[in-house]
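The residues making up each chain are set out below.
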Amino acid sequence: MSKMAKLELDGKVYELPIVEGSEGEKAIDLTRCVELGGTKPGDLRAKTGCITLDPSLGNTGSCSSNITFIDGERGILRYRGIPIEELAEKSRFIEAAYLLIFGKLPTSLETHMFSQMLENHELLHEDMKFHFQGFPPYSHPMAILSSMINATGCFYHDKIEHYNPDTFKDLAAMLLSQVRTIAAFSYRKSRGLPIIYPDPKYKYTANFLHMMFSLPYKEYEMRPEVVSALDTIFLLHADHEQNCSTSTVRTVASSQASLFASAAAGVCALWGPLHGGANQAVIEMLSDIHRSGDDGTRFIEDAKKKDSGKRLMGFGHRIYKNYDPRAKIIKAKCDEILNSMKRSDPLLDIAKKLEEAALQDPYFVERRLYPNVDFYSGIIMRAIGIPVEMFTVIFAIGRTPGWIANFKELAEDKTTRINRPRQVYIGQTLSPYTPKQDRT
Ligand code: CMC
């Protein structure tokens, strides 16, 4: 028999089962509440008239999931049980994507077949090109990305339905492949450059670099260390359980919207500077510090003042109260890629200085604020020539497998109901209607 939590309310006692995850995390199940002595379980609200209040959902488990495990206290991240460090060392992004979406590392044959599917879908519908022309040149590529993912639904309406297990693999490959083509086209459009079509001779990440940087008369020189660094960045961003964008994808999907509509919503949620937009914000912050001649000391002091409007971007995390394991890997990669390119970056020096200062500062220590995935990733992207406005788009390409995996998990769960939280209303009670002539 499962363990029970007891709740006493208005003289009655209720029991609520404690659910335990495979790694020992515990949750109080509000859907199976029983009054002491009673037998029929029901929702907490139906039984007691009370809801729970948890703004920003920091204490709320919105689902059970078997995709990704995070232990924020110990700085652990695993995809389908496999440590992120091992995947970053031994796997490529597409292999990790397959693992997340389909629950297992692919065999050679499965990798080959999935790569074939990605290749089959790498071209966008030719008429989508005209939509790119409609965006003004200064458009943020995240706005284009979200719009164009959604627009895909118009061009492939015969394929795009909520969920069909027989066609889902093909649809997943289509989204994963096209998100990369749309992302590269968005960049070319924002720079007024001609569109470069994907080339099947390249694998996933190399093909993205080709579409970003080749010219009609000159092919981009593919450097294996650059391809590998970007591939690792994609892989490290591939999933992170119920973060803001993934929760958005799940919420939209719970209304039985399509995979493409749900992913387009995920892109919008990712865009903000507290989520995926932080990688752009970090480089902007480091550049400002560099330009001002500060070595970071002044900025750290400002970031601690609530009224300064500044935060140390790339630091802190809702879940990690320890070093983000992804940041550790990316930090090491920064040195590796800069060394291999025989380059230095003053922003990396400032970032390291900021980290060192923050990790010794009581403000950051007491709040357990450590570098997160976004703190160093921009340095690598800068080194390989990705412009700053594309940083969050890179995050979005990387996060797509996680969105697809969560969409699939939700769609396959027979107990799924539409996400529909409640609220505690604190507005006016019943009020008289004021006719227009009497309003002040
Ligand atoms: N700089 C200065 N103070 C901070 C920072 C920071 N980066 N992050 C948190 N704090 C302070 C915050 O002011 C608060 O202080 P107090 O307790 O005195 O009011 C305390 O630490 C707790 O912060 P919070 O805002 O309540 O924490 P949260 O869990 O709601 O927010 C966060 C998490 C990531 C939004 C936040 O740490 C932050 O804004 N960080 C900077 C933006 C950033 O790097 N975002 C990327 C997150 S990782 C990638 C991703 O998943 O998207």
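The coordinates are above.
Since this is a predicted model, take the numbers as computed values, not measurements.

Q: So what exactly am I meant to see when it comes to the overall build of the protein chain here?
A: Scanning the protein chain from N- to C-terminus turns up 18 helices and seven strands. Radius of gyration (C-alpha) of the protein chain: 24 Å, near the 22 Å computed for a compact globule of 440 residues. Within the protein chain, the proportion of its 440 residues that are buried is 48%. Carbon together with sulfur atoms contributes 53% to the accessible area of the protein chain, which is approximately 22600 Å² in total. Of the charged side chains in the protein chain, 54 are positive and 54 negative, and the gap between their average positions amounts to 2 Å.

Q: Before we go on, may I ask you to explain the site of the ligand in this structure?
A: Close contacts around the ligand come from 22 residues, with His275, Arg311, Leu312, Gly314 and Arg318 the closest. Here Arg311 contributes a side-chain N or O atom positioned 2.6 Å from an oxygen atom of the ligand. At a separation of 2.7 Å, a nitrogen atom of the ligand approaches a polar backbone atom of Leu312. In isolation the ligand offers 930 Å² of accessible surface; the protein chains occlude 76% of this area. Here the residues of the shell around the ligand are counted per class, giving eleven nonpolar, six polar and five charged.

Q: Looking at this structure, I do not really get the sheet that holds strand β5 (residues 68-71). What am I missing?
A: Through backbone hydrogen bonds, the strands of a sheet pair up, either in parallel or in antiparallel fashion. Overall, antiparallel pairing links the three strands, which are arranged β5-β6-β7 in an open sheet. This sheet does not close on itself; its edge strands, each paired only once, are β5 and β7 (82-83). Pairing of strand β6 (residues 76-79) with β7 involves two bridges; the strand directions are antiparallel. Each bridged residue has a counterpart across the sheet, and for Tyr79 the counterpart in β7 is Ile82.

Q: Mind showing me how you'd approach the environment of Ala278 here?
A: Mapped onto the elements, Ala278 comes out in helix α12 (residues 278-292). A relative accessible area of 4% means that Ala278 is categorised as buried. Distance in space between the C-alpha atoms of Ala278 and Asn372 is 9.7 Å, their sequence separation being 94 residues. Leaving out residues up to four positions away in the same chain, Ala278 has contacts with Gly272, Pro273 and Asp374.

Q: Would you mind showing me how to read the pairing of strand β2 (residues 12-20) here?
A: Two strands pair when backbone bridges link them, and strand β1 (residues 4-9) and β2 are joined in this way by six bridges, in the antiparallel orientation. Following the sheet pairing, Leu9 is matched in β2 by Lys12. Between the antiparallel neighbours β1 and β2 lie two residues, among them Asp10 with a positive phi of about 50°. Both β2 and strand β4 (residues 34-35) contribute to a ladder of two bridges, which runs antiparallel. Across the sheet, residue Tyr14 finds its bridge partner in β4, namely Glu35. Between β2 and the antiparallel strand that follows it, strand β3 (residues 26-28), lie five residues; Gly24 among them carries a positive phi value of about 90°.

Q: Help me understand helix α10 (residues 244-254) in this model?
A: Because each turn of an α-helix spans 3.6 residues, side chains separated by three or four positions end up pointing in the same direction. Residues of α10 that are buried include every one of Ser245, Thr246, Val249, Arg250, Ala253 and Ser254, and no others. On its buried face, α10 is in contact with α11 (259-271) and α18 (391-412). Taken from the residues just after α10, Gln256 is the one with a positive phi, measuring 70°.

Q: Explain the nonpolar core here, please?
A: Here is a general trend for soluble globular proteins: nonpolar side chains tend to be buried in one another's company. Grouped together as the largest cluster of nonpolar side chains are 119 residues, with contacts concentrated most on Leu145, Ile149, Phe208, Met285, Leu286, Leu312 and Ile386. Per-element accounting of this core gives the leading share, 13 residues, to helix α7 (residues 168-190). When neighbours within four sequence positions are excluded, Leu312 is seen to be in contact with Met285, Phe299, Ile300, Ala303, Leu354, Ala358, Phe364 and Phe375.

Q: Looking at this model, I keep getting lost on the packing of α12 against helix α17 (residues 374-383). Mind explaining?
A: Helices that pack against each other are described as a pair by the angle of their axes relative to one another and the distance between those axes. α17 packs onto α12 with a crossing angle of 75° between their chain directions and a minimal axis gap of 8 Å. In terms of orientation, α12 and α17 fall into the roughly perpendicular class. Residues Ala278, Asn279, Val282, Ile283, Met285 and Leu286 of α12 touch α17, and the partners they reach there are Asp374, Phe375, Ser377, Gly378, Ile379, Met381 and Arg382. The class makeup of the residues in the contact of α12 with α17 is eight nonpolar, three polar and two charged.

Quick notes on the rules
- Residues numbered from 1 in each chain as written.
- Predicted model: local features only at pLDDT ≥ 70, side-chain atom pairs only at ≥ 80, totals over all residues.
- Heavy atoms only, no water.
- Helix = DSSP H or I, 4+ residues; strand = E, 2+ residues; numbered from the N terminus.
- Rg over C-alpha atoms; globule rule 2.2 N^0.38 Å.
- Buried < 20%, exposed > 50% of the residue type's maximum accessible area, 1.4 Å probe, protein only.
- Areas by Shrake-Rupley, 256 points an atom, 1.4 Å probe, with all protein chains shown as cover.
- Lys, Arg positive; Asp, Glu negative; His and termini not counted.
- Charge placed at Lys NZ, Arg CZ, Asp CG, Glu CD.
- Near = heavy atom within 4 Å.
- Polar contact = N/O pair within 3.5 Å; in protein donor to acceptor, adjacent residues only side chain to side chain.
- Nonpolar A, V, L, I, M, F, W, Y, C, P; charged D, E, K, R; others polar.
- Pairing = 2+ DSSP bridges.
- Contact = heavy atoms within 4.5 Å.
- Core = buried A, V, L, I, M, F, W, Y, C linked by side-chain atoms within 4.5 Å.
- Axes fitted to C-alpha atoms, helices over the stretch in contact; angles between N-to-C directions.
- Parallel < 35°, antiparallel > 145°, perpendicular 65-115°, else oblique.

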